[in-house]
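Descriptive structure summary
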Amino acid sequence: MQLPADAVAATALVEVVRITGLPVDRAAPYPGPAVAHWTGADAADALALIATLPGSAQHRCGFFPGWGVRAYDETLELPLFEAAFCFTCHEVRMHGPAVPPPSATQFFAPDSPAGRSLLALFRAAGPRLP
């Protein structure tokens, strides 16, 4: 998976979001509580894992992401980028000032070792929703 390299290098904090719905428009943040904050090696390891997600073909489910991450620089003001993951349709949607348009929608293999590891990290970070 392609992440914005400059933004990854500038990331000081990764916020894990348990997504509860869809935003009002594609540029708005995904709604849901922040269930974890990763810094230092934890943030770098999570972003490295995301970067290793292998590609996949698109599967149709309507895009109902359950988990997302927001990457922040040291100012902790606006996210450099946000990525929302749908483990059913294999789609990742990213937006933010660091995301080039060709990278805004990508597809990943959730059943790959990296995909399973990422889902396990998310589940360890916060609760499942009913």
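Refer to the preceding data block for the structure.
Right, let's walk through the structure included here. (Residues numbered from 1 in each chain as written. Predicted model: local features only at pLDDT ≥ 70, side-chain atom pairs only at ≥ 80, totals over all residues. Heavy atoms only, no water.)

This part covers the overall build of the protein chain. Helix and strand counts for the protein chain come out as three helices and six strands. In sequence order, the protein chain lays out its α and β elements as α-β-β-α-β-β-β-β-α. A globule of 130 residues ought to have a C-alpha radius of gyration of about 14 Å, and the protein chain, at 13 Å, matches this closely. Principal-axis analysis of the C-alpha atoms places the extent of the protein chain at approximately 35 × 30 × 30 Å. Surface summary for the protein chain: the accessible area is close to 6600 Å², and the carbon and sulfur share equals 58%. Each charge class in the protein chain can be summarised by its mean position, and for the 8 positive and 11 negative side chains these summaries are 15 Å apart. (Helix = DSSP H or I, 4+ residues; strand = E, 2+ residues; numbered from the N terminus. Rg over C-alpha atoms; globule rule 2.2 N^0.38 Å. Areas by Shrake-Rupley, 256 points an atom, 1.4 Å probe, with all protein chains shown as cover. Lys, Arg positive; Asp, Glu negative; His and termini not counted. Charge placed at Lys NZ, Arg CZ, Asp CG, Glu CD.)

With that settled, the discussion passes to the sheet that holds strand β2 (residues 34-39). The strands making up a sheet associate through hydrogen bonds between their backbones, and the pairing can be parallel or antiparallel. Taken together, six strands build an open sheet; the order of strands is β2-β1-β3-β4-β5-β6 and the sheet is antiparallel. Strands at the two margins of the open sheet, each flanked by one partner only, are β2 and β6 (105-107). Averaged over all pairs of adjacent strands, the angle between strand axes in this sheet comes to 20°, irrespective of strand direction. Where strand β5 (residues 91-95) meets β6, three bridges bridge the pair, whose relative direction is antiparallel. In the sheet register, arginine 93 faces β6, and the bridge partner there is threonine 105. Helix α2 (residues 40-51) contacts β1 (13-18), β2, β3 (67-72) and β4 (81-86) of the sheet and is inclined by roughly 105° relative to β2. Strands in contact with helix α3 (residues 113-125) are β1, β2, β3 and β4; relative to β2, the strand with the most contacts, it is inclined by about 115°. (Pairing = 2+ DSSP bridges. Axes fitted to C-alpha atoms, helices over the stretch in contact; angles between N-to-C directions. Contact = heavy atoms within 4.5 Å.)

For β3, a buried count of six out of six residues is recorded, marking the element as mostly surrounded by other parts of the structure. With burial as the criterion, each face of β3 is covered, one bearing Trp67, Val69 and Ala71 and the other bearing Gly68, Arg70 and Tyr72. As paired elements, β1 and β3 share six bridges and run antiparallel to each other. Looking across to β3, one finds that valine 16 is bridged to valine 69. (Buried < 20%, exposed > 50% of the residue type's maximum accessible area, 1.4 Å probe, protein only.)

Moving on, we get to α3. The end-to-end C-alpha distance of α3, which contains 13 residues, comes to 18 Å, matching closely the 18 Å that a straight helix rising 1.5 Å per residue would cover. Within the span of α3, buried status applies to Ala114, Gly115, Leu118, Leu119, Phe122 and Ala125. Within α3, the buried residues cover an arc of 135° as seen down the axis, which keeps them to one side. Turned more than 90 degrees away from the buried face of α3, the exposed residues are Pro113 and Ala124. Turning to α3, the residues buried within the fold contact β1, β2, α2, β3 and β4. (Expected span 1.5 Å × (residues − 1). Arc of directions from axis to C-beta.)

This part covers the packing of aromatic side chains. Tallied over the full model, the rule gives seven aromatic pairs. An angle of 85° between the planes, with centres 5.8 Å apart, marks the rings of phenylalanine 85 and phenylalanine 108 as edge-to-face. With a gap of 23 residues between them, phenylalanine 85 in strand β4 and phenylalanine 108 in the loop between β6 and α3 connect regions that are remote in the sequence. On the basis of relative accessibility, which here comes to 0%, the residue phenylalanine 85 falls in the buried class. The interplanar angle of 90° and the centroid separation of 6.4 Å between the aromatic rings of phenylalanine 87 and phenylalanine 122 together place this pair among those described as edge-to-face. (Phe/Tyr/Trp six-rings, centres within 6.5 Å; stacked < 30°, edge-to-face > 60°.)

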